[in-house]
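Here is what each chain is made of, one letter per residue.
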Number of protein chains: 2
Amino acid sequence: MISVVVLGGGNLAYHLVKSFLNADNVRVEQVFLRDTSKFSLYSKKIDVTDSYKRLKKADVYIIAVSDSAISEVSENINNRQGVVVHTSGGNSINILKNTGAKGVFYPLQTFSKAKEISFKNIPLCIEAENEQDFRVLERLANAVSNTVYKITSEQRSQLHIAAVFANNFTNHMLTIAEKICKENDLPFQILIPLVEETVSKISKLSPFEAQTGPAKRNDTQTIKNHLKKLDSYNKNLYLALSNSIIKLYNK
Amino acid sequence: MISVVVLGGGNLAYHLVKSFLNADNVRVEQVFLRDTSKFSLYSKKIDVTDSYKRLKKADVYIIAVSDSAISEVSENINNRQGVVVHTSGGNSINILKNTGAKGVFYPLQTFSKAKEISFKNIPLCIEAENEQDFRVLERLANAVSNTVYKITSEQRSQLHIAAVFANNFTNHMLTIAEKICKENDLPFQILIPLVEETVSKISKLSPFEAQTGPAKRNDTQTIKNHLKKLDSYNKNLYLALSNSIIKLYNK
């Protein structure tokens, strides 16, 4: 049995607590919330506190707060036996300021309040300072997810950038596509089968090989036609993206 | 029963012929191939020709060739009763140079030889010069697809740009993510659940609302950290994409 205290009241903290409650061999000792208005999120069966002094003993303390608050929260979990971990993709293990054992427990996924998600399919990237702490985190990770990776702070910082491309920037491409549809009386849903096919391809084919389109073919006439029809907001981005593809494929 | 002649030997022509053969109320009269080496693609039951003079009578002639060849092929289908259509997203109906009826039959999807695909879920965008021709194309489209849209040439040219963002540029984001993974000894598959979740969101939530990440939050510190770690190839693109998001959300 591994005991955990989860610190934070956001989406990630909420989803983590839920998945720990459903896992075998994990006990949620306590949830720490700075914002007491969020107490109502949790059932009365869970011990919830807003006081660092009242933090219970646990094998793992999971800090799931905004990046800028990680250091401050960790400073308040001193003189503890358990491993203190943060859950951030973009931060090194060294951002933790507690005196005891440190680690990282980073779920590589995007979380929204509105959408339920199963941790089973979320890759968990873990890191610790020594083998013993690593094994504790590994056991905890395996209790909720089928895919657990050992990832160093340096790798994770690159992984976080890759995730910005794969998630944030991909979503922005869809936002622009949606905008163009709206402005031309086209239903955005017309594009969804295309987007789904684009993504379903990458489990079989490398995206590098799957690339198609005017920039891949270096079809300057089509690119010119498109640029003429784009507003200034999208024109620069279209050009930057096309040039990036042209550079990659037409060396 | 609607009779069709398909002209072209590429992926799209091949998938079109296959879906027409499987459809009720559609008869494939003939396939026209300029490249006779591709004859072997089709069973001996289908009449295949490389001569415009031997083109059979049909209700619809479907030109599924590269954009630059559409005009030339259409010029050779003169004095015919049927509607001559092209299948290109980026071209107006006016690119057709036949003397008779003209139209467009544009399947909004990406096709690859390696991957089978069902036309049932592919949006078909159709256009004709008059109501009567439109009804013929509509019947043909409904015979193979569940989603048929009436789209003008002007709308289609914008839709084609939206598709470049939704497919080509999205795929390029994934290519860069894959590249970063490879360079840092990370398996690309670690990102696939994230990409799948990003895309699955948009059937429930507008991508505009679903946006997350450092640029959305205008988190300049994280953006700076990322820029420091990117090579020059990706740095400019990261910046252009981040600025585009910042502009959209932080007005």
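How each quantity is defined
- Residues numbered from 1 in each chain as written.
- Chains lettered and ligands numbered in written order.
- Predicted model: local features only at pLDDT ≥ 70, side-chain atom pairs only at ≥ 80, totals over all residues.
- Heavy atoms only, no water.
- Buried < 20%, exposed > 50% of the residue type's maximum accessible area, 1.4 Å probe, protein only.
- Helix = DSSP H or I, 4+ residues; strand = E, 2+ residues; numbered from the N terminus.
- Contact = heavy atoms within 4.5 Å.
- pLDDT = per-residue confidence, 0-100.
- Pairing = 2+ DSSP bridges.
- Axes fitted to C-alpha atoms, helices over the stretch in contact; angles between N-to-C directions.
- Core = buried A, V, L, I, M, F, W, Y, C linked by side-chain atoms within 4.5 Å.
- Buried area = accessible area lost by both parts, 1.4 Å probe.
- Salt bridge = Lys/Arg side-chain N within 4 Å of Asp/Glu carboxyl O.
- Polar contact = N/O pair within 3.5 Å; in protein donor to acceptor, adjacent residues only side chain to side chain.
- Parallel < 35°, antiparallel > 145°, perpendicular 65-115°, else oblique.
- Left-handed = near helix turned anticlockwise from the far one by under 90°.
- Nonpolar A, V, L, I, M, F, W, Y, C, P; charged D, E, K, R; others polar.

Summarising burial for helix 5 (residues 192-201) of chain B: eight of the 10 residues are buried, a large majority. Among the residues of helix 5 of chain B, Ile192, Pro193, Leu194, Val195, Glu197, Thr198, Val199 and Lys201 of chain B are the ones counted as buried. In this structure, the buried side of helix 5 of chain B is in contact with helix 4 (153-183) and helix 5 (192-201) of chain A together with helix 4 (153-183) and helix 6 (207-210) of chain B.

One can find Asn121 of chain A in the loop between strand 6 (102-107) and strand 7 (124-128). In this structure, the C-alpha to C-alpha distance between Asn121 of chain A and Ile161 of chain A, residues 40 residues apart in sequence, is 21 Å. Those residues in contact with Asn121 of chain A that sit more than four places away from it in its chain are Asn146 and Thr147 of chain A together with Pro193 of chain B.

Of all residues in chain A, 99% have pLDDT values of 70 or greater, and the mean over the chain is 93. With a pTM of 0.91, the predicted complex shows an ipTM of 0.92.

A word on the sheet that holds strand 2 (residues 26-32) of chain B. All names here are of chain B. Pairing within the open sheet is mixed, and its eight strands lie in the order 3-2-1-4-5-6-7-8. Of all strands in the sheet, those with a lone pairing partner are strand 3 (48-49) and strand 8 (148-150), marking the two edges. Lying on the sheet, helix 3 (residues 131-144) is in contact with strand 1 (2-7), strand 2, strand 4 (60-63), strand 5 (83-86), strand 6 (102-107), strand 7 (124-128) and strand 8; it crosses strand 7 at an angle near 165 degrees. Packing against the sheet, helix 4 makes contact with strand 5, strand 6, strand 7 and strand 8, and its axis sits at approximately 25 degrees to strand 6.

By size, the foremost hydrophobic cluster in this structure holds 116 residues, and its most contacted members are Leu7, Phe165 and Leu191 of chain A together with Leu7, Phe165 and Leu191 of chain B. Setting aside residues up to four positions removed in sequence, Leu7 of chain B forms contacts with Phe32, Tyr52, Leu55, Tyr61, Ile62, Ile63, Ala64, Val65, Val73 and Ile77 of chain B.

This part is about the interface of chain A and chain B. As a measure of interface size, the accessible area lost when the parts come together is often cited. Across the boundary between the two partners, chain A contributes 83 residues, which contact 83 residues of chain B. When residues of chain A are sorted by the area they lose upon contact with chain B, Phe165, Ile190 and Leu194 of chain A head the list and together hold 9% of the total. Between chain A and chain B we count two salt bridges in total. Notably, a salt bridge pairs Glu154 of chain B with Lys229 of chain A, separated by 3.4 Å at the nearest N-O pair. Viewed at the interface, chain B and chain A are joined by 34 residue pairs in polar contact (both at pLDDT 80 or more).

Before going further, it helps to spend a moment on the packing of helix 8 (residues 232-249) of chain A against helix 8 (residues 232-249) of chain B. Viewed as axis vectors pointing N to C, helix 8 of chain A and helix 8 of chain B meet at an angle of 160 degrees, and their least axial separation amounts to 10 Å. One way to sum up the angle between helix 8 of chain A and helix 8 of chain B is to call them roughly antiparallel. Here helix 8 of chain A runs over helix 8 of chain B; the crossing is left-handed. Listed contacts from helix 8 of chain B to Tyr233, Leu237, Ala240, Leu241, Ser244, Lys247 and Leu248 of chain A of helix 8 of chain A are Tyr233, Leu237, Ala240, Leu241, Ser244, Ile245, Lys247 and Leu248 of chain B. Looking at the contact of helix 8 of chain A with helix 8 of chain B, its residues break down into 11 nonpolar, two polar and two charged.

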